[in-house]
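# Summary of the model geometry
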Amino acid sequence: MTKDRDELYGLHLRGSDRPMPFVNPYRTTGELNEIELLKLERHPLEIADAIIDTYSKEGPAGIAKIPGEVERLKWAGIYPQKQGGDAFMMRVKIPGGHLTAPQAREIGVVADAFGEGPDGTESRMFGSRYADLTTRQTVQIHWLRIEDIPRVWRRFAAVGLTTVQACGDSARNVLSCPVSGVDAEEVFDALPIARAVSDFFTGNREYANLPRKFKISVSGCIEDCAQAEINDIGLWPARAADGSLGFNLLVGGGLSDGERMASDIDVFVAQDQAVEVTRAIAQLFGELGNRENRGLARMRYLVQELGPEGFREELGKRANFDLVPAGEDLTRRYRGDHVGVHAQRQDGYFYVGCSVPVGRMQGIELVEAARLADTYGDGTLRIGGDQNITFTGVHGDRVDELLAEDLLAKYSPFPGPFSRGVVACTGSEFCRYAIVETKERAVKWARFLDDQLAGEPVGAVPVPGAHSPKGEDSGVIRMHFSGCSASCAQPQIADIGFRGDVAKVGNHLAEAVDIGMGGSLGSDAGFIDWVEHARPVNDVPDALLRVVRRYQSERRPDEPFYNWARRVPNDELRSTLSAEGTGTPVTISSGPGGAR
């Protein structure tokens, strides 16, 4: 493959290297932070050429010679792992989570061929040579050597995949509903628009140096599974006064420290204006965002500083169309996943959502998933923000054959309610910031609760069948586990959220978690309250069991866990977590508070 400055092994780069003008980057000291200075010294996207020409030959020692080069790796979708040395994580950008079977197959092959760690690093639960599905509909592969990165890029380029700007201070992977185009109730198919937005930013040098990461959600789904409320830009479906369909615009959402629900700034965006409005907001953020203090550099702080009205005014100065008032909001509720067997908008066809607890799959399993997508479906595999996979375009006559495949025995469309709702970041296994191990522990806790509560109302497992009933996800209690405060697993919007911590047990320090309850998006949107801090991890399973059993004994008819947790005082929740025993089992009944 020919290599030139703008066509690096499928990494399509374009635009000039000139930095975006910084109109108002300062707030206190009047100095750019260290990362901003590094980005000005050399454009971050130049790292791709350096990896191909230099670092793949010299190894990690070559990277260490250049100040700021480890930071610039992110713009190529590469992170050093906490193990250091020649061990890197690669993140693959997948707009809207939509993979063709050849793309899914290639990711699986790369994970299997290149993603094996040294002796002693194999997970007891997951083995090695696996890929992690993320809450931004991307895939992460671990244990890659820098010398192998160019050949991986060549393989990905052959099937239309890229890792450019999957990380770094630029537009990250653009979210959309994982069943765009097939969902029976969606307002319109927004996946082509999400892809157009992604295409505009990916490899665009002029918009690749923003103050911090920049997250966008574009969805025509009425159930907000693309989580518009916690993105820097959220475009969700709306109807204008003239009856045309487009989006209402939300800005300034986010988690981590200083979580914030996005603000509705009273703007309707036509479908053909989506790329331009995201460009204009990126320009606004790039010019006015805080480049002095990286802790306050996310766009939500700029929205907070300007206020929704002030932000709208600044956007109007930069957008190449006149801003018009928001239309009728068509989003009805928040849907945490698309697990199960559901009728598509195409008559006679179904999509089959499979539960992948904490999103970790063997590379060879992704290869098998690609085969199943080709054999039974429309040749695509969808990744959701819930870390699950979905097969689409399965004819009703073939649903039972797909359900009988071995892969679906492991990644079931009919899982226990806790395995179904468990999400976890990579944790201390790979991340330099995480305090505790997350993925193995989260799966063990979910399986424990599924087992202990199997005969009780909250633990009831859906009956396998050709069609999942509407609303069958309402009984799932979602547990999200982040290894630190960065919130990669989104604990603030979970029914029960965990955040890594440290506790003193006797004379030594032990892994622990902060525990929060009551999070949700949608019509009841609200973040969790952190009700207990530094509970040792060994004490957590029984504590959770006590809480869930109390919930099912006290809940009102059809009351979700997050609403119950919000009405129970935090000190009472804390007391239940700290009690002894496992609570009182509740038998299934057909009356109020019984099985749903």
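## Some remarks on the overall build of the protein
A tally of regular secondary structure across the protein gives 17 helices and 22 strands. Computed over its C-alpha atoms, the radius of gyration of the protein comes to 23 Å, within 12% of the 25 Å expected for a compact globule of 596 residues. Seen along its three principal axes, the alpha-carbon backbone of the protein occupies a region of about 65 × 65 × 60 Å. Looking at the protein as a whole, 62% of its 596 residues are labelled buried. Counting every atom, the protein has about 22000 Å² of accessible surface; 48% of that belongs to carbon and sulfur.

## Quick word on the sheet that holds strand 19 (residues 479-482)
Strand order in the open sheet made by the 5 strands is 18-19-20-21-22, with mixed pairing throughout. The sheet is open, and its two borders are formed by strand 18 (422-424) and strand 22 (529-536), each paired with just one other strand. With direction set aside, neighbouring strand axes in the sheet form an average angle of 25 degrees. Helix 14 (residues 439-452) contacts strand 18, strand 19, strand 20 (496-505) and strand 21 (508-517) of the sheet and is inclined by roughly 160 degrees relative to strand 19. The strands that helix 17 (residues 570-578) touches are strand 21 and strand 22; relative to strand 22, the one it contacts most, it runs at about 25 degrees.

## Notes on unusual backbone geometry
Even without a glycine there, the phi angle at glutamine 137 is positive, about 60 degrees. Backbone geometry places glutamine 387, a non-glycine residue, at a positive phi of 70 degrees. Relative to the assigned elements, glutamine 387 resides in the loop between strand 16 (380-383) and strand 17 (389-395). For glutamine 387, a relative accessible area of 3% puts it in the buried group.

## Some remarks on the confidence of the model for the protein
Detailed reading of the predicted coordinates is not advisable wherever pLDDT falls low. When pLDDT is averaged across the protein, the result is 94; 96% of the residues are at 70 or more. For the stretch residues 590-596, pLDDT sits under 50, and the model shows 17 contacts to residues farther than four places along the chain or on other chains.

## Quick word on the sheet that holds strand 5 (residues 98-100)
Spatially, the 5 strands line up as an open sheet ordered 5-16-17-14-13, and their pairing is antiparallel. Each edge of the open sheet carries a strand with a single partner, namely strand 5 and strand 13 (340-343). Neighbour-to-neighbour, the strand axes of this sheet turn through a mean angle of 25 degrees, independent of strand direction. Sheet topology note: the strand 14 (residues 349-354)/strand 17 ladder contains 5 bridges and is antiparallel.

## Focus: the pairing of strand 4 (residues 88-92)
Counting buried positions along strand 4 yields 5 of 5 residues, so the element is predominantly enclosed. Burial along strand 4 is two-sided: the face carrying Phe88, Met90 and Val92 and the face carrying Met89 and Arg91 are both buried. As judged from the 3 bridges shared by strand 3 (residues 78-80) and strand 4, these two strands associate in the antiparallel manner. Its bridge partner lying in strand 4, isoleucine 78 is registered against methionine 90. As paired elements, strand 4 and strand 7 (residues 139-144) share 4 bridges and run antiparallel to each other.

Here is what the cut-offs are and how they apply
Residues numbered from 1 in each chain as written. Predicted model: local features only at pLDDT ≥ 70, side-chain atom pairs only at ≥ 80, totals over all residues. Heavy atoms only, no water. Helix = DSSP H or I, 4+ residues; strand = E, 2+ residues; numbered from the N terminus. Rg over C-alpha atoms; globule rule 2.2 N^0.38 Å. Buried < 20%, exposed > 50% of the residue type's maximum accessible area, 1.4 Å probe, protein only. Areas by Shrake-Rupley, 256 points an atom, 1.4 Å probe, with all protein chains shown as cover. Pairing = 2+ DSSP bridges. Axes fitted to C-alpha atoms, helices over the stretch in contact; angles between N-to-C directions. Contact = heavy atoms within 4.5 Å. pLDDT = per-residue confidence, 0-100.

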